[in-house]
Amino acid sequence: MVPHLVTALKGPLLDLERGFLDATPRIERWFRLAWQEHTPPFYCSTDLRNAGFKLAPVDTNLFPASFNNLSADVMPLAVQAAMAAIDKYCPDARNLLLIVEKDARSASYLDHLKRLAAIMRQTGLNVRFGSLDPALREPQQVVFSDGQQLLVEPLVRGARRIGLADFDPCSILLNDDLSSAIPDALRGLHEQVVLPPVHAGWAVRRKTNHFTAYREVARKFAKAFDIDPWLIDPLFASCGAVDLGKRAGEDCLATNVDAILRKTRSKYREYGVRAAPFVIVKADAGTHGVAIMTVKDAKQMRGMDSEYRARMSVGADGRAVTEMIVQEGVPTFETINESWAEPVVCMIDRYVVGGFYRVHAGRDKDENLNAPGMHFVPLPFAASCHVPDSSALPENASNRFYAYGVVARLALLAASIELERTDPDQSLYG
C-alpha cells in the first residue's frame with residue numbers, strides 16, 4: 001500500500017533510493033516479517049529530510065494533525081488502512097470517541113478533524129468528538145472553514161468506562177498528545193481500547209527513546225540490504241537536568257553538539273559532501289515546532305542571550321523543557337517555488353496512506369520548517385496502484401516517494417518498538 005504520487009520536484013536520485021527500487025520485493029517481505037513481531041501505532045506521521053546524500057526521519061508524530069493536507073485521492077487507501085487497524089482492536093466496534101486537542105480552534109486543525117472523522121465513518125463507525133478540557137462543561141459547536149459544524153462534547157467518566165452523555169464507545173481515538181499529563185479520565189478503563197495508548201503521549205514519551213529504537217531498526221535494515229546505516233539514520237545524543245534559564249545542562253549540550261559535529265564531518269569526508277555540518281537542539285518531548293534551534297558551533301550553546309534561553313526553555317503546552325536531544329542536522333535539497341521543502345509521510349496501521357510537502361519561504365535548508373509561515377503541498381495519486389514503477393526512470397516522482405515510504409515505515413516500526421518498551425505496568429492504570 002505505497003501509492004504513486006505526483007510532484008513537480010525533480011532532482012538527483014540517491015544511489016540509496018535506486019537500491020530501494022531494485023530491492024522492492026525483498027524490502028516488502030522484510031516489513032511483512034517485522035509486522036509479525038510488532039504492532040504498529042494506530043496512526044503516525046513522519047517528517048523526513050532528503051539531503052541528496054542522506055534520507056532520514058527527523059521527527060515522528062504519534063498524534064498526527066495533518067490529514068487535511070493529504071490529497072482527496074488518498075481517501076480510499078486511508079479508509080482501507082483504518083479498517084485493518086480497527087479490526088485488530090475492536091472488530092465489532094460501532095461507536096468511536098475521537099478526543100480532540102484542548103484548544104481545537106485553528107481552521108487547519110478543524111479541517112484535519114473533519115478529514116479524520118470522514119475516514120473513520122467510512123469504516124462503519126459512528127464518530128463523535130470529546131475533549132479533555134476541564135473547562136468544557138457543555139457541548140460546543142465549532143464551525144469549519146466551509147461552514148459545516150463540529151460538536152465537541154465534555155467527557156463523561158463512569159466507574160470503568162468513558163464516553164459522552166448518551167454515547168458509549170468501544171474505541172477511543174486520541175488526537176490530543178497529552179503533553180501535560182496522563183488524565184485520570186483515561187486510567188483504568190474496562191473493555192475500551194485507547195488508540196494510541198496513553199503512554200504514547202508526551203507526558204511519558206521521549207524522542208531519545210524513539211531514535212534509540214530507530215537506530216536499532218535502521219541497523220538491522222542496513223545489514224539486510226548492505227547499506228551504511230548512517231545514510232538513513234541521524235546521529236543523536238541526549239541531555240537531562242536541563243534548565244537553560246539557569247544555564248543548567250549547558251556543558252552537556254555543548255559537549256554533545258561538538259561530538260556530533262565531529263562525527264558528521266567525518267562522514268561528510270567519507271562521502272565527499274562539501275557542506276558545513278550542523279545539529280538541531282530541541283526539547284526531548286513535545287511537538288508544534290517550539291524549543292528548536294540550529295547550531296553550527298558548540299560555542300552557540302554558551303552564547304545564547306537571555307531572551308533566546310527563555311524561548312528554548314518552554315516547550316509544547318507551556319511545559320518547561322528539562323530534557324533535550326541533540327540531533328544531527330539533515331539539510332533538505334528539495335524546493336517548491338524556490339522555497340525549501342521537506343516531505344511528511346502519513347500512515348495508518350502499517351500502511352502509507354499519503355504524503356505532503358511542508359514548505360517555508362522564510363526558512364533555510366538547515367532550519368526547522370515547522371514554524372509559523374509554513375504551508376503545505378499535497379501529493380496526489382498519479383495512478384491507482386500501490387507499488388513503485390519499475391519501468392519508469394528512477395527519478396520518477398512516484399519512485400522517489402516509494403523511498404520516502406520505506407524510511408517512514410522504518411520510523412513507524414521504531415515507534416512500535418518504542419511503545420512496547422515504554423508500556424508501563426498495568427497496575428499504574430488500574
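It should be noted that the structure appears before, not after, this text.
1. Comments concerning the nonpolar core
- Phe20 and Val281 are the most contacted members of the largest nonpolar core, which totals 91 residues.
- Of the residues forming this core, the biggest block, 15 residues, is contributed by helix H9 (residues 397-422).
- Beyond its immediate stretch of four places on either side in the chain, Phe20 contacts Ile27, Phe221, Ile232, Tyr402, Ala403, Val406 and Val407.
- Counting 42 residues, the second-largest nonpolar core is a separate cluster that includes Val79, Leu98, Val100 and Val152.

2. Overview of unusual backbone geometry
- Here Leu195 and Pro196 are connected by a cis peptide whose omega angle stands at -15°.
- You can see Pro196 is positioned in the loop between strand S10 (193-195) and helix H5 (207-225).
- We note that Arg247 has phi near 65°; this positive angle belongs to a residue other than glycine.
- Tracing the backbone shows Arg247 in the loop between strand S11 (236-239) and helix H6 (250-271).
- Although it is not a glycine, Asn337 sits at a positive phi angle of roughly 50°.
- Within the element layout of this structure, Asn337 appears in the loop between strand S15 (335-336) and strand S16 (339-348).
- According to the relative accessible area criterion, Asn337 is exposed, its value standing at 73%.

3. Structural notes on the pattern of salt bridges
- Counting across every chain of the model gives 21 salt bridges.
- A salt bridge links Glu342 to Arg49; its shortest N-O distance comes to 2.6 Å. Remark: Arg49 occurs in strand S1 (residues 43-50) and Glu342 occurs in strand S16; sequence separation between them is 293 residues. With respect to burial, Glu342 and Arg49 carry one shared label: buried.
- When the shortest N-O distance is used, the salt bridge between Lys54 and Glu328 registers 2.8 Å. Taken as a pair, Lys54 in the loop between S1 and strand S2 (55-61) and Glu328 in strand S14 (residues 324-328) lie far apart in primary sequence, 274 residues in all. Across this residue pair, the class does not change: Lys54 and Glu328 are buried.

4. A word on the sheet that holds S14
- Read across the sheet, 4 strands follow the order S11-S14-S12-S13 without closing on themselves; strand pairing throughout is antiparallel. Two strands in the sheet have a free side with no partner beyond their single neighbour: S11 and strand S13 (292-295). Taken over all neighbouring pairs, the strand axes of this sheet differ in orientation by 20° on average, direction set aside.
- Across 4 bridges, S11 lies against S14 in antiparallel orientation. Counterpart to Cys239 in the pairing with S14 is Met324.
- H5 rests against S11, strand S12 (279-283) and S14 of the sheet, and its axis sits at about 150° to S11.
- Of the strands in this sheet, S11, S12, S13 and S14 are in contact with H6, which crosses S11 at around 175°.

5. Quick notes on the environment of Pro57
- Its location among the elements puts Pro57 in strand S2.
- Residue classification places Pro57 among the buried residues on the basis of a relative accessible area of 0%.
- On a C-alpha basis, the gap between Pro57 and Ala411 in space is 7.0 Å, while along the polypeptide they are 354 residues apart.

Criteria and cut-off values
Residues numbered from 1 in each chain as written. Predicted model: local features only at pLDDT ≥ 70, side-chain atom pairs only at ≥ 80, totals over all residues. Heavy atoms only, no water. Core = buried A, V, L, I, M, F, W, Y, C linked by side-chain atoms within 4.5 Å. Buried < 20%, exposed > 50% of the residue type's maximum accessible area, 1.4 Å probe, protein only. Helix = DSSP H or I, 4+ residues; strand = E, 2+ residues; numbered from the N terminus. Contact = heavy atoms within 4.5 Å. Salt bridge = Lys/Arg side-chain N within 4 Å of Asp/Glu carboxyl O. Pairing = 2+ DSSP bridges. Axes fitted to C-alpha atoms, helices over the stretch in contact; angles between N-to-C directions.

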